[in-house]
Amino acid sequence: MAIRPRTGVFIGIGAIVVLAVAGTVVYNVAQQSTASDANTISWWVPDWDYDVASDLVEQFESDNPDIDVELVKTTGDTVANKVSVALDSGNVPDVITESIARVKTYMDKGQLADLSDLYDENMPVDDFAPGSVDVVSDDDGTYAVPYRWATNALIYNPELFEKAGISGPPTTWAEFVDDAKKLTTGDVAGTAWPTQGDPSDLTLRFLDFALADGATIENGSPRLTDQSVSDSLDLIGGAIRDGWATKSSFELDNTGIRELFLQGRVAMYLGGVFDVDTAVEQGAPVASALMPGPDGPGVAQGVGWGYLVPKASTHQDAAKKLVSFLGSPENMAALTLTFPARVSASEDPKFQTPERKPFAEQLASHSLPAPNDPKWTSMIQFVHDQIEAVGLGSSTTEQARDAIMQQATTTLGE
Amino acid sequence: MTQTLQTPAVRARRGRLGGHPVALMLPAAALTAGLTAIPIISTIVRTIADGGSGLARLFAIPNFWQVMLNTVIWTIVSVLGAVIIGYIGALLLQAKALRLTGLWRSLIMIPWIIPGVVGATVWRWSLSSDYGILNQWLLDLGVIPEPVQWLSNPDVVLYAVAVVQVWVTAPFAVLMVSAALAGIPTERYEAARLDGASAPKILWYIVVPSIRATTGIVVLTLAIWALNSFTIIWVMTSGGPAGSSTILPILLYQAFQNGDQSLTAAVAVLQLAICVLFALVYVRTMTDLEEQS
């Protein structure tokens, strides 16, 4: 069969394209194979750590010339989904920086390598923040190395407090409510709650209040009480309903609240040390204090990030070597923007500023590791919606409390 | 046209390729089928494999029926709004008095072209109770006494986000209806005018019947888009407050975020079933159209 010139050209171009694609695939496979032989490991690192991580990797590679580290940037919004899909599929990196709150989910699925042997005299367990290693351990092993640990504390605007005739930050819930009501005038709201965005931002605060009021955490799972749930619902949902927390809370995430605070439109809120740093950088009036509780300092949940090595990683030894390197106090301090998980790393001057001291005290003396039971995670959206329903006035505190308690019984067990 | 198809050159060409069309299409068809079929089958298998517990839990979710109702309202408002604006926009673009038609046509396309996240973020800020420019305008004009809680009021929020979906998808409707209008022979308008038909009568008896098929396709396409829409609601409200703007894709993502694979698969299967219904109607409409032509 004769082929016309134009058809021949098309066939030729098609063949070139096919060969190019096939060649690329073969090349990549070969590269991966070569990389595997060369002990190249990949580390998924969040974007906020990327620059410092690059410097640390350079140092690690110079100390370990037989290991190459490939950095892959993740983001706070996407890391959970990305890691979950990678671990489920078995197509994994060798080291992952991931939220400690999600580690148990992966542990329960048997997707993580045991890192117990990394905890030795150079990295003793008792040098870590209380409970931070326990929450990534079970009877069989320890599956992460926490490197960053933090809690919320009270952030307030001293100028607005002074204008309202309030002498200092609230230390109890009653003072918190009274002060917020006094501070709510005109464009200024006493406080605000992050109901938009990640639902766990709101339930974190809800559970902080509940833990200060009789709720406990057992085996990584919250045990709520009627009283603690009612009081927490009143402090958050009731505050929005009654107007001493801004109604626009329904549109605000953590960043939105911080923006309003920087503009002097929110007088105080429960936030992280990042928010204080931002306010200081911008020259905004800011001070911090311990979180108020029912009768004194409240309880805040310690949340953090750590290093994981997937069980499916093909470079376990090299990956563990990198994690061990990153777990040294000086490297932990270098890579930590909040507080390091190791106590000995906290001596770095950057953790000792006046605005950070209440956060450090909250962390050291009035904090608990956050629950990491996946069953609680599965309840978060429900609890979040119940708090919002109270804020909207579509549920009473009692109705929302009963709904949450019933859901807790069903999901978490008695 | 039939004669054109019968020319010797075309016949010769057909002869050369006559045995090959299926073979030529096979790689692309196989790839597409694989990429579509594998996820669908694995999702269905996952739903069945857990004994249907995911589906049972889905129907037991306290706000499940609210989510379904939200999905219906969202779809109807989004589709109706986009079709109405599409009709109006296309008729305006066809008006002889309109100058710079190309410019207007390009401007109308902007909402459809810009990334969804960007559009949704702009609208989120525009509708904000704290900073929103829309509230500021309405306050300045004395239309409202205090800021409207567009995204905080559970009675308003679903319609507010549906307006944004209309804003994004209406250009598609304008484009499709414009193309259909251009296909109406001018003789029909002239004949109607000679018979003394008024503009509304021309619209009702000439224009609407002529573009009925296109309208059907536009409605179905918009409905499928609305049913699968995620970005606008997620960026603007995350499904809140208290689930009042949660539709099926948002529920699916929430289940996925919780790592609840069986519930995720169950929501996906439900959504698939609804979309299949629309797809069947779509295919039927397309087949009818081909037969008519």
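What counts, and where the lines are drawn
- Residues numbered from 1 in each chain as written.
- Chains lettered and ligands numbered in written order.
- Predicted model: local features only at pLDDT ≥ 70, side-chain atom pairs only at ≥ 80, totals over all residues.
- Heavy atoms only, no water.
- Helix = DSSP H or I, 4+ residues; strand = E, 2+ residues; numbered from the N terminus.
- Buried < 20%, exposed > 50% of the residue type's maximum accessible area, 1.4 Å probe, protein only.
- Contact = heavy atoms within 4.5 Å.
- Areas by Shrake-Rupley, 256 points an atom, 1.4 Å probe, with all protein chains shown as cover.
- Lys, Arg positive; Asp, Glu negative; His and termini not counted.
- Charge placed at Lys NZ, Arg CZ, Asp CG, Glu CD.
- Polar contact = N/O pair within 3.5 Å; in protein donor to acceptor, adjacent residues only side chain to side chain.
- Phe/Tyr/Trp six-rings, centres within 6.5 Å; stacked < 30°, edge-to-face > 60°.
- Lys NZ or Arg CZ within 6 Å of the ring centre and 35° of its normal.
- Axes fitted to C-alpha atoms, helices over the stretch in contact; angles between N-to-C directions.
- Parallel < 35°, antiparallel > 145°, perpendicular 65-115°, else oblique.
- Left-handed = near helix turned anticlockwise from the far one by under 90°.
- Nonpolar A, V, L, I, M, F, W, Y, C, P; charged D, E, K, R; others polar.
- Buried area = accessible area lost by both parts, 1.4 Å probe.
- Salt bridge = Lys/Arg side-chain N within 4 Å of Asp/Glu carboxyl O.
- Pairing = 2+ DSSP bridges.
- Domains from an automatic or database assignment.

## Quick look at the overall build of chain A
Piece 1. Per the secondary structure count, chain A includes 15 helices and 12 strands.
Piece 2. By principal-axis analysis of the C-alpha atoms, chain A measures approximately 90 × 60 × 50 Å.
Piece 3. Burial analysis of chain A (414 residues in total) assigns 54% to the buried set.
Piece 4. Of the contacts formed within chain A by residues at least 6 apart in sequence, a portion of 75% connects residues at least 24 apart.
Piece 5. When the accessible surface of chain A is split by element, carbon and sulfur atoms take 52% of a total near 17600 Å².
Piece 6. Across chain A, the mean location of the 26 positive side-chain charges is 7 Å away from that of the 60 negative side-chain charges.

## Structural notes on the overall build of chain B
Piece 1. Broken down by element type, chain B carries 15 helices and 0 strands.
Piece 2. Projecting the C-alpha coordinates of chain B onto the three principal axes gives extents of approximately 65 × 60 × 30 Å.
Piece 3. Per-residue burial over chain B gives 37% buried out of 293 residues.
Piece 4. Look at the contacts in chain B between residues 6 or more apart in sequence, and 69% of them connect residues 24 or more apart.
Piece 5. Only carbon and sulfur atoms are counted for the fraction: they give 71% of the accessible area of chain B, which is about 16500 Å².
Piece 6. Side-chain charges of chain B comprise 15 positive and 12 negative groups, with the mean position of each set lying 15 Å from the other.

## Quick look at the side chain of Thr71(B)
All names here are of chain B.
Piece 1. Here Thr71 lies in helix 5 (residues 64-94).
Piece 2. Of the residues examined, Thr71 reaches a relative accessible area of 5% and is grouped as buried.
Piece 3. Engagement of the side chain of Thr71 in a polar contact is seen with the backbone oxygen of Val67, the distance being 2.7 Å.
Piece 4. Setting aside chain neighbours within four positions, we find Thr71 in contact with Leu227, Ile247 and Leu248.

## Focus on the packing of aromatic side chains
All names here are of chain A.
Piece 1. This structure, assessed with the given rule, holds 23 aromatic pairs over all chains.
Piece 2. With a centroid separation of 4.9 Å and an interplanar angle of 55 degrees, the aromatic rings of Tyr156 and Phe161 are classed as tilted.
Piece 3. Through a chain of ring-to-ring contacts, the aromatic side chains of Trp173, Phe176, Trp193, Phe209 and Trp244 assemble into a single cluster.
Piece 4. Note that Lys73 overlies the ring of Tyr50, its terminal NZ or CZ placed 4.6 Å from the centroid.

## So, the packing of helix 5 of chain B against helix 9 (residues 157-182) of chain B
All names here are of chain B.
Piece 1. At a minimum axis distance of 5 Å, the contact between helix 5 and helix 9 shows a crossing angle of 40 degrees. Taken as axis vectors, helix 5 and helix 9 run oblique relative to one another. In this structure, helix 5 meets helix 9 at a crossing whose hand is right-handed.
Piece 2. For the contact of helix 5 with helix 9, a count of residues per class yields 20 nonpolar, 9 polar and no charged.

## Observations concerning the interface of chain B and chain A
Piece 1. Taken together, the 28 residues of chain B in the interface contact 28 residues of chain A.
Piece 2. Summing both sides of the interface, chain B and chain A together bury roughly 2300 Å²; the carbon and sulfur share of this comes to 42%.
Piece 3. For the chain B face of the interface with chain A, the top three residues by lost area are Asp130(B), Tyr131(B) and Asn258(B), together amounting to 24%.
Piece 4. A salt bridge links Asp253(A) to Arg124(B); the nearest nitrogen and oxygen atoms lie 3.8 Å apart.
Piece 5. Our enumeration of links across chain B and chain A arrives at 13 residue pairs in polar contact (both at pLDDT 80 or more).
Piece 6. Looking at the side of chain B that touches chain A, the elements with two or more residues in it are helix 2 (8-17), helix 13 (231-236) and helix 14 (248-257) of chain B.
Piece 7. In terms of residue count, helix 14 of chain B provides more of the side of chain B that touches chain A than any other element does, 4 residues in total.
Piece 8. Classifying every residue of the side of chain B that touches chain A gives 11 nonpolar, 13 polar and 4 charged.

## Thoughts on the sheet that holds strand 9 (residues 287-289) of chain A
Residue and element names in this part refer to chain A.
Piece 1. Sheet architecture is open: 3 strands sit in the order 8-5-9, paired in antiparallel fashion. Edge positions in the sheet fall to strand 8 (268-271) and strand 9, since each of these pairs with one other strand and no more. Adjacent strand axes in the sheet meet at a mean angle of 30 degrees when their direction is disregarded.
Piece 2. Direction of pairing for strand 5 (residues 153-156) relative to strand 9: antiparallel, over a ladder of 3 bridges.

## Observations regarding the domain arrangement of chain A
All names here are of chain A.
Piece 1. The domain boundaries assigned to chain A delineate domain 1 (19-150 + 303-367) and domain 2 (153-301 + 371-412).
Piece 2. Summarising the inter-unit geometry, the C-alpha centres of domain 1 and domain 2 are found 30 Å apart.
Piece 3. Counting residues at the interface gives 20 residues for domain 1, matched by 23 residues for domain 2.
Piece 4. Both faces combined, the contact of domain 1 with domain 2 buries some 1700 Å², and carbon together with sulfur accounts for 65% of it.
Piece 5. Considering only the side of domain 1, the residues that lose the most area to domain 2 are Glu355, Phe359 and Gln362, jointly responsible for 34% of the buried surface there.
Piece 6. Between domain 1 and domain 2 we count 1 salt bridge in total.
Piece 7. Here Asp277 makes a salt bridge to Arg356, at a shortest N to O gap of 2.8 Å.
Piece 8. The interface formed by domain 1 and domain 2 includes 7 residue pairs in polar contact (both at pLDDT 80 or more).
Piece 9. Among the elements that line the side of domain 1 that touches domain 2, the one with the most residues is helix 13 (residues 357-365), at 4 residues.
Piece 10. Counted by class, the side of domain 1 that touches domain 2 contains 9 nonpolar, 5 polar and 6 charged residues.

## Here's the deal with the pattern of salt bridges
Residues and elements named next belong to chain A.
Piece 1. Counted by the stated rule, this structure contains 13 salt bridges over all chains.
Piece 2. A salt bridge links Asp108 to Lys104; the nearest nitrogen and oxygen atoms lie 3.3 Å apart. Residue Asp108 and its partner Lys104 are located together in helix 4 (residues 103-108), separated by 4 residues, close to a single helical turn.
Piece 3. The network of salt bridges with shared partners includes Asp234, Arg241 and Asp242.

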